[in-house]
Structures are given as C-alpha cells and as structure tokens.
Amino acid sequence: MNTSRIYVRKFATLRTRQKCLAKNIQQNYTKNGSQNVSFATPGMLRKTGWHRQKAGSMTSDTTWDTTAEAPIRLRGRAHALLTLEIADLPTNVLQAALSARLGAAAGYFRHAPVLLNLNAWAPTSASHVTALVDAVRSCGLVPAAFRARWPEVERAALACGLGRMLDTEAGQDMEQPCERRPPLIISEPVRSGQRIYAAEADLIVLHSVSPGAQLLADGCIHVYGALRGAASAGVGCDTQARIFAKIMDAELLSIAGLWLGAEDIPANWQKCPAQLRIDEGWLRFAPLP
C-alpha cells in the first residue's frame, strides 16, 4: 500500500473542508456585518485571502487579534485616592466640617473618588454609614472605597456599594522607597481645565500653569514659571515630596493628603519663588536655593 498517496489524499480532503468552512464563515460575516467569528484557522484565512475585512477583527498577518475582541481586560495598577479620615460623630456635624474644609477649593475635588477611613467608627455606628455616604456625595465627592475595623461597619459599607480597600501585607516593608519612573516633562504652558498626572514619577513643567489647571504627581512637582492652578505632590502618600515654583501663586497646594487653599497661603510666600514641603506633620514654605 502506498502510504504517501493516502496521506496526500487525506491532506487534499482536509484542504477542501477548510476551504468550504472558510467560505461559509466569510459569507456569513459579510452578510451579517457585525457577526463575531467563533472559529477560523490562520491557514483557512490565508487561502481565502480574508485580511482585516473589519477594523480590529484581524491582523495583517492573519493572526487572530484577541486583544481587539476582548470586551474586558483586567489591569492591576495602583491609583491615588483622596482619603477622608472620619471621626465617629453625628452625620450633620461631619457634613458641616467637610463643607467647611473644602471651602473655596470644592471645585477641584468635584467628582473625585474618595476612600472613607472608618476605622474610628464603633460597631454601634454602622447604621449611620448610609447617611454618611449621602453626605459625602452632597459635597461633590464620589465615595468609592472604605476601610473599617469592625465587621458591622464593613457590612454596612458594602451594602452601600463601596469597595473594600485591600490593605498591604504585614510582611511588606512600606518604608522602603519605591523605584520611580523617569520624570514627566511638559514643555508647553498648562491651560485652564487641563489635568496632568505623573504616575510614580516627578512632574516638571517648563512654563506657567494657568488658573483652573491641575497638576498631580506621585513624586515632586517643579514649575519653572508661574503656578496659578492647583498642584498635588506625593499623591501616593510620599511625605518626602515637594512642590517648587518660580512664582508661587497657586489656588490649591497639596502634599501627601495635606493641603492648603489660596486663602491659607501666607502673604509673604505669594507670587514669589518658593518651595513647599512637609516638616513635622505640617506644610511649610521655604525659599528656593
């Protein structure tokens, strides 16, 4: 028996089946337009010459582009959240205190996601979590996650749709400085309404920052012009971060969660070269070297 002949015959039969199947798939795709292809081999596609008939469905080398078709992709990445450390007090007192604390800078925090630190809340206060969430939303903030010490408070927060913030493992050395990315350098003026975030890096602006603009960085912020917008350095809770400006005329300044509004900046440090840092738990100004 000639085995090579049998092999060639079987191979030819397989090719014929592939051609028919590929032709049917192509006809159905062309007919229905948005129909998803559930099965197609690269060999079948090469034979039919079907190369990227629909944008994002096939690559030029007939390899199936799984990333283009995936409806959801999960990415593990750290994001900075504004944290509210909330005392165990009546809701109306907390709401009034939050509104007063935001003051004229409330517009900068509008629609900002926040983490509610409820570690100070006793189990008996769990019934007030819903009212607290509503009060925070009324101030323009978006409660996104929480931390809680007691299971009763945790269950109440979960019932409000808040996410449980994962704590770091006990074995991790959080004092060890993390490796930083190269600095983000902005060579153009930052206009009103712009928001620039340098993740895991310093932010350097070579021009001025207009009122209504917002700068954020996990590291330090350097402005080689006038800083007239908002600047938040050390948003990942880096207390060693600083803000440097050739002309300090900011609407809001923040380092590692501590912040000052324009009315809190001393007059002798306004509209002059200055730097801002954390010293013994307080924000302090100093002249540029």
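The structure we're discussing is the one just above.
In what follows, the accompanying structure is described. Since this is a predicted model, take the numbers as computed values, not measurements.

## Topic: the environment of G161
Here G161 is to be found in the loop between α7 (151-159) and β4 (163-164). Using a relative accessible area of 63% as the deciding quantity, one classes G161 as exposed.

## Here we look at the nonpolar core
Counting 35 residues, the largest nonpolar core has L215, L227, I243 and L253 as the members making the most contacts within it. Here this core gets 4 residues from one element, more than from any other, and that element is strand β11 (residues 243-248). In this structure, I86, V114, W121 and L141 belong to the second largest nonpolar core, which totals 27 residues.

## Some words on the sheet that holds strand β1 (residues 82-85)
Taken together, 4 strands build an open sheet; the order of strands is β1-β2-β3-β4 and the sheet is parallel. For this open sheet the edge positions go to β1 and β4, each flanked by a neighbour on one side alone. Pairing of strand β2 (residues 113-118) with strand β3 (residues 142-148) involves 6 bridges; the strand directions are parallel. Along β3, the bridge assignment pairs N117 with R147. This element, α7, spans β2, β3 and β4 of the sheet and lies at about 160° to β3.

## Quick look at unusual backbone geometry
Most peptide bonds are trans, and most residues other than glycine sit at a negative phi. The residue H111 is not glycine, and still its phi comes out positive at about 65°. Checked against the element boundaries, H111 lands in the loop between α5 (106-109) and β2. Backbone geometry at K271 places phi at a positive 60°, although glycine is not the residue there. Examined against the element boundaries, K271 turns out to sit in the loop between β13 (258-261) and β14 (274-279).

## Description of helix α4 (residues 91-102)
When the terminal C-alpha atoms of α4 are compared, their 16 Å separation across 12 residues agrees well with the 16 Å that a helix rising 1.5 Å per residue should span. Burial in α4 covers these residues: T91, L94, L98 and L102. End-on, the buried residues of α4 take up no more than an arc of 65°, which puts them together on one face. For α4, the exposed residues set more than 90 degrees away from the buried face come down to N92 and A100. Looking one or two residues beyond α4, the residue adopting positive phi is G103, at roughly 55°.

Rules of the game
- Residues numbered from 1 in each chain as written.
- Predicted model: local features only at pLDDT ≥ 70, side-chain atom pairs only at ≥ 80, totals over all residues.
- Heavy atoms only, no water.
- Helix = DSSP H or I, 4+ residues; strand = E, 2+ residues; numbered from the N terminus.
- Buried < 20%, exposed > 50% of the residue type's maximum accessible area, 1.4 Å probe, protein only.
- Core = buried A, V, L, I, M, F, W, Y, C linked by side-chain atoms within 4.5 Å.
- Pairing = 2+ DSSP bridges.
- Contact = heavy atoms within 4.5 Å.
- Axes fitted to C-alpha atoms, helices over the stretch in contact; angles between N-to-C directions.
- Expected span 1.5 Å × (residues − 1).
- Arc of directions from axis to C-beta.

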